Structure formats: structure tokens, C-alpha cells
Amino acid sequence: MLLKHFLDRILAFILIVLLSPLLLMISLLIKLSGKGPVFFVQERIGLAEKPFQIYKFRTMIPNAIHMGTGIYTGENDPRITTIGHFLRKTSLDELPQLLNILKGEMSFIGPRPTIEEQVLQYDNYQKKRLLMKPGVTGLAQINGRNSISWPERIQFDVQYVENWTL
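The structure presented is a predicted model; accordingly, all values stated were derived computationally and were not measured.

Draft legend 1. Structural detail: the layout of surface pockets. For the second largest pocket, the calculated volume is near 170 Å³. Taken together, the elements giving at least two residues each to the lining of the second largest pocket come down to helix H1 (2-32) and strand S3 (107-109). Element by element, the count of residues in the lining of the second largest pocket is highest for H1, at 4 residues. Classifying every residue of the lining of the second largest pocket gives 6 nonpolar, 2 polar and 2 charged.

Draft legend 2. Highlighting empty space enclosed by the protein. Under the definition given, this model contains 1 cavity of 30 Å³ or more. Considered as a void within the structure, the largest cavity measures approximately 50 Å³ in volume. Looking at the largest cavity, the residues that line it are Ile-45, Gly-46, Leu-47, Pro-111, Arg-112, Pro-113, Thr-114, Arg-129, Leu-130, Met-132 and Pro-134. Looking at the lining of the largest cavity residue by residue, the class counts come to 7 nonpolar, 2 polar and 2 charged.

Draft legend 3. Inspection of the nonpolar core at higher detail. One finds Ile-26, Ile-30, Phe-57, Leu-87, Leu-95, Leu-98 and Ile-101 to be the most contacted residues of the largest nonpolar core, which totals 17 residues. Counting residues per element, the ones that place at least two in this core are H1, strand S2 (51-57), helix H2 (82-90) and helix H3 (97-102). No other element matches the 5 residues that H1 contributes to this core. Filtering out sequence-adjacent residues up to four positions away, Leu-98 remains in contact with Ala-12, Leu-15, Ile-16, Leu-19 and Phe-108. The next biggest cluster of nonpolar side chains, apart from the first, holds 6 residues, and it includes Ile-45, Val-119, Tyr-122 and Leu-130.

Calculation criteria
- Residues numbered from 1 in each chain as written.
- Predicted model: local features only at pLDDT ≥ 70, side-chain atom pairs only at ≥ 80, totals over all residues.
- Heavy atoms only, no water.
- 1 Å grid on protein atoms, 1.4 Å probe; cavity = no way out; pocket = protein on both sides within 12 Å on 5 of 7 lines; lining within 4 Å.
- Points joined across faces, edges and corners; volume = space filled by probe spheres on them.
- Helix = DSSP H or I, 4+ residues; strand = E, 2+ residues; numbered from the N terminus.
- Nonpolar A, V, L, I, M, F, W, Y, C, P; charged D, E, K, R; others polar.
- Core = buried A, V, L, I, M, F, W, Y, C linked by side-chain atoms within 4.5 Å.
- Buried < 20%, exposed > 50% of the residue type's maximum accessible area, 1.4 Å probe, protein only.
- Contact = heavy atoms within 4.5 Å.

Have a look at this one:
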């Protein structure tokens, strides 16, 4: 597992350097498209139930978490900005998580990090998701992303944790 973490950090650093023009362009587009910060920062729960701040490009209007459905979003959520729709569709909103990988809080592949409110409801089986660093992507994302049910996502995440390889 130590090799995986080392490779994650090296690759994250290389990608940040190579993608810096794209990261800057996306940041400018978000800033020019309206008020609010460039980044969305939220506390998530990681390895061994340790909280950390996840970074994403902001795809919603400022203070969206206090409007509509709160933390839950749908594809046609009116709180999503024009640039936000594009960033979500292409998953470019996830690129700032390269910083989370560089900091050692996340991995490229693993269970997606979740919020504390959900973790507090986990049973012992679901808590297995927290035995590995969370990932930018994982089995649940490549097997259906948001089109699969929450129990199916958990099953894919636990399957990865129990069977991961380099």
C-alpha cells in the first residue's frame, strides 16, 4: 500500500504541473461567470474516519447548499451554473482533488469520500469503505456512477477495498 501512496503523490504532482494551464483556464471561467469562489471546499470523511477538506471546482451558485435540496443534487438542478454543467459532465470539477492526493488525503482510485452525516449511519459492512484512502474515482464510478443505487455503490466500494491491487 505504501507504493500505491507514493505513486499517487508523484503522479498527482506531475499532473498538476502538466494540467496547470487547464486548471488556470477553468478557474478564470468560473471567476468570470459570476460571483463566488473558484473552489468548493467541503469536509469529507477519509481513511479511518479522519475528516479532511475536499477540493472541487465550484459548479453551483454561491450558498447553494442552503437552498433547494441542500447537499443533494440532480442533473437538472437549477443551482448548477452553466460552466458547472460542463465541468460536471466532463468530471473536470474533480481536478482540484489532485491537491488532496498530493497532501496524502486521497488516492486516484478508491471509494468516493462521503460526508459525516452519511458515515454516522453506516453499519459495519459499510464502514469497510473507510479502510482505504478515498479515491477520485473507483469501481462504483466505472460501473454506473450516479445511475446505480447507494447500496450498489457501497458494494462496489467494499469489493475494491477487499480486493485491490496495484
